[in-house]
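Chain residues, written in single-letter form:
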Amino acid sequence: MTLRIVVTGKYGQLTQSLQRLGRCDTQVVAVGRPELNLENPSSVRSVIEDARPDVIVSAAAYTAVDQAEENPELALAINVEGAAAVAKTALGLGVPIVHISTDYVFSGEKTLPYVETDVCDPISIYGSSKFQGEQLVAKITDNHVILRTSWIYSPFGSNFVKTMVRLAETNDVVRVVDDQYGCPSSANDIANAIVSIAAKLSAEKNSDLRGIFHLSGNNSATWADFAEVIFDCTRKLGVKSASVDRITTKDYPTLAKRPANSRLSNEKLHSVYGVYMPDWQKSIMIAVRAILHDKI
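Heads up: these notes are all about the structure in this document. Note that the coordinates shown come from a computational prediction; the quantities given were computed from them, not determined experimentally. All chains use their own residue numbering, which begins from 1 and follows the written sequence. Reporting of local features is limited, given that this is a predicted model, to residues whose pLDDT is at least 70; pairs of side-chain atoms are given and counted only at 80 or more, and all residues count toward the totals for whole chains, interfaces and linings. Water and hydrogen atoms were dropped before computing side-chain values, which therefore reflect all heavy atoms in the structure.

### Some points on helix α4 (residues 72-93)
Because the α-helix completes a turn every 3.6 residues, residues three or four places apart line up on one side. Helix and strand definitions follow DSSP, with helices as H or I runs of at least four residues and strands as E runs of at least two, each counted in order from the N terminus. Given the number of residues in a helix, its expected span is that number minus one, multiplied by 1.5 Å. End to end, α4 covers 31 Å across 22 residues, agreeing with the expected 32 Å (1.5 Å per residue, within 8%). The reported bend at a residue is simply the angle between two axes, fitted to the 7 residues ending at it and to the 7 residues beginning with it. Gly-82 marks the point of greatest bend in α4, at about 25 degrees. All of the buried residues in α4 are Ala-75, Ile-78, Asn-79, Val-80, Gly-82, Ala-83, Ala-84, Ala-85, Val-86, Ala-87, Thr-89 and Ala-90. Phi turns positive one or two residues past the end of α4, at Gly-94, with a value near 70 degrees. Relative accessible area decides the class of each residue, using a 1.4 Å probe on protein chains only: under 20% of the type maximum gives buried, over 50% gives exposed, and in between gives partly exposed.

### Side note on the pattern of salt bridges
Salt bridges, as used here, are contacts in which a Lys or Arg side-chain nitrogen is within 4 Å of a carboxyl oxygen on Asp or Glu. In total, this model carries 13 salt bridges according to the counting rule given. In this structure, the salt-bridge partner of Glu-39 is Arg-33, at a minimum N-O distance of 2.7 Å. Exposure remark for Arg-33: the relative accessible area of 48% places this residue in the partly exposed category. Residue Arg-246 pairs with Glu-228 through a salt bridge whose shortest N-O separation is 3.2 Å. Placement of the pair is Arg-246 in strand β12 (residues 243-247) and Glu-228 in helix α8 (residues 223-236), with a sequence separation of 18 residues. Since its relative accessible area comes to 37%, Glu-228 is described here as partly exposed. Each of Asp-178, Asp-225, Glu-228 and Arg-246 takes part in salt bridges that share partners, so that together they form one network.

### Focus: the packing of aromatic side chains
Stacked, tilted and edge-to-face are the three classes applied to pairs of Phe, Tyr and Trp rings, where Trp contributes its six-membered ring and a pair requires centres within 6.5 Å; stacked means planes under 30 degrees apart, edge-to-face means over 60, and tilted covers the rest. Scanning all chains against the criterion turns up 10 aromatic pairs. Seen in terms of ring centroids, Trp-223 and Phe-226 are 6.3 Å apart; in terms of plane orientation they differ by 25 degrees. Their pairing is stacked. Placement of the pair is Trp-223 and Phe-226 together in helix α8, with a separation of three residues, close to one helical turn. Here the two residues Trp-223 and Phe-226 agree in accessibility, since each one is buried. Considering the side-chain rings of Phe-226 and Trp-280, the 5.3 Å spacing of their centres and the 75 degrees angle between planes classify their relative orientation as edge-to-face. Placement of Phe-226 in helix α8 and of Trp-280 in helix α10 (residues 280-295) is noted, with a sequence separation of 54 residues between them.

### Section: the sheet that holds strand β2 (residues 26-31)
Sheet strands associate in pairs through backbone hydrogen bonding, adopting either a parallel or an antiparallel arrangement. In spatial order, the strands read β2-β1-β3-β4-β5-β10; together these six strands make up an open sheet with parallel pairing. On the outer flanks of this sheet lie β2 and β10 (211-214), each paired with one strand and no other. Strand after strand, the sheet turns through a mean of 25 degrees between neighbouring axes, direction not considered. What makes two strands pair is DSSP finding at least two bridges between them. Direction of pairing for strand β3 (residues 55-58) relative to strand β4 (residues 97-102): parallel, over a ladder of three bridges. Bridge pairing in β4 links Ile-56 to Ile-97. Two residues qualify as a contact provided that any one of their heavy atoms is within 4.5 Å of a heavy atom in the partner residue. Orientation is described by lines fitted to C-alpha atoms, with helices fitted over the stretch in contact, and by angles between N-to-C directions that extend from 0 to 180 degrees. Set on the sheet, helix α7 (residues 187-203) makes contact with β1 (3-8), β2, β3, β4 and β5 (144-149); between it and β1 the angle comes to about 125 degrees.

### Digging into the nonpolar core
Core analysis: the biggest nonpolar cluster contains 29 residues, and Val-57, Val-98, Ile-100, Val-145, Leu-147, Ile-194 and Tyr-273 have the highest contact counts within it. Taken together, the elements giving at least two residues each to this core come down to β1, α1 (13-19), β3, β4, β5, α7 and α9 (267-273). Looking at this core, the element that brings in the most residues is α7, giving nine residues. Discounting residues that sit within four places of it in the chain, Leu-147 has contacts with Val-98, His-99, Ile-100, Ser-101, Ile-194, Ile-197, Phe-213 and Leu-215. Residue types Ala, Val, Leu, Ile, Met, Phe, Trp, Tyr and Cys, when buried and joined through side-chain atoms within 4.5 Å, form a set referred to as a nonpolar core.

### A short note on the packing of helix α6 (residues 160-170) against α8
For the pair α6 and α8, interaxial distance at closest approach is 10 Å and the crossing angle is 60 degrees. Our classification of the angle between α6 and α8 gives oblique. The handedness of the crossing between α6 and α8 comes out as right-handed. When α6 is examined against α8, the residues Phe-160, Val-161, Met-164, Val-165 and Ala-168 are found in contact with a partner set consisting of Trp-223, Phe-226, Ala-227, Ile-230, Phe-231 and Thr-234. In this classification, the charged set is Asp, Glu, Lys and Arg, the nonpolar set is Ala, Val, Leu, Ile, Met, Phe, Trp, Tyr, Cys and Pro, and all remaining amino acids, among them Gly, are polar. Residues that form the contact of α6 with α8 fall into these classes: 10 nonpolar, one polar and no charged. Any angle that falls under 35 degrees is termed roughly parallel, while one over 145 is termed roughly antiparallel, one within 65 to 115 roughly perpendicular, and all others oblique. Crossings are sorted by hand: turned counterclockwise from the far helix by less than a right angle, the near helix makes the crossing left-handed, and turned clockwise it makes it right-handed.

Shown next as structure tokens:
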């Protein structure tokens with residue numbers, strides 16, 4: 001039997017990665033603008049219902065971290081009220097929802113990797129909007145999985161890997177922050193994990209399968225570490241590369257504050273679902289090669 005996953009957001013990194021998995025046991029249907037617009041919650045139910053989901057993946061979000069500081073109403077409308085509308089639709093249709101959240105729900109003050117029971121204390125509008133969205137989704141339906149992930153990269157959309165590849169084309173040295181720690185996460189790896197999670201959610205009623213889980217690349221890095229591995233990949237692939245000038249957060253001011261530590265522990269996910277995320281260093285070459293191939 002084919003599992004029908006309906007994912008919100010047509011052009012996001014996760015949606016495109018899910019669509020390209022090519023699994024014969026899974027059908028991925030993307031819904032998004034203009035038909036489904038999270039700024040208009042009344043548009044949500046009919047569009048998703050028509051797509052006939054077995055599981056809903058709530059991936060569409062306002063993810064412009066710095067712009068959210070200047071457009072808080074829009075971030076809240078999409079990430080809170082829009083997320084709630086998707087959760088209400090899942091409840092009404094009697095299907096599970098997998099809601100994608102973020103490491104930015106944490107302040108970054110903890111020195112160890114964050115676990116699911118740690119207190120959320122976001123330090124940006126984006127992080128606050130995603131945390132409020134989590135809370136509403138959990139309140140609306142018990143049949144949920146909230147997946148917090150971090151530092152997503154892929155050949156699609158805008159992300160750190162694509163930016164570094166582009167900067168290496170015209171710069172010999174790139175300045176990159178070296179005092180923020182996180183877990184780079186391949187959208188392809190996340191997509192594979194989501195399909196496994198969705199299949200179990202659809203087949204089993206076990207309450208242990210519901211709740212909050214962390215899902216990120218295994219092992220951590222600073223942004224500068226991340227950049228060095230990217231540049232090593234471009235070098236191995238025979239294209240122009242760059243070296244990294246390691247700087248501090250103070251040297252690179254942004255509108256929104258970033259957590260100094262947003263490392264996530266995947267132990268609960270592995271224990272409950274048996275899902276093991278690869279080391280991020282093993283997945284990065286696949287994305288870099290795809291990005292460069294698209295440029296040729």
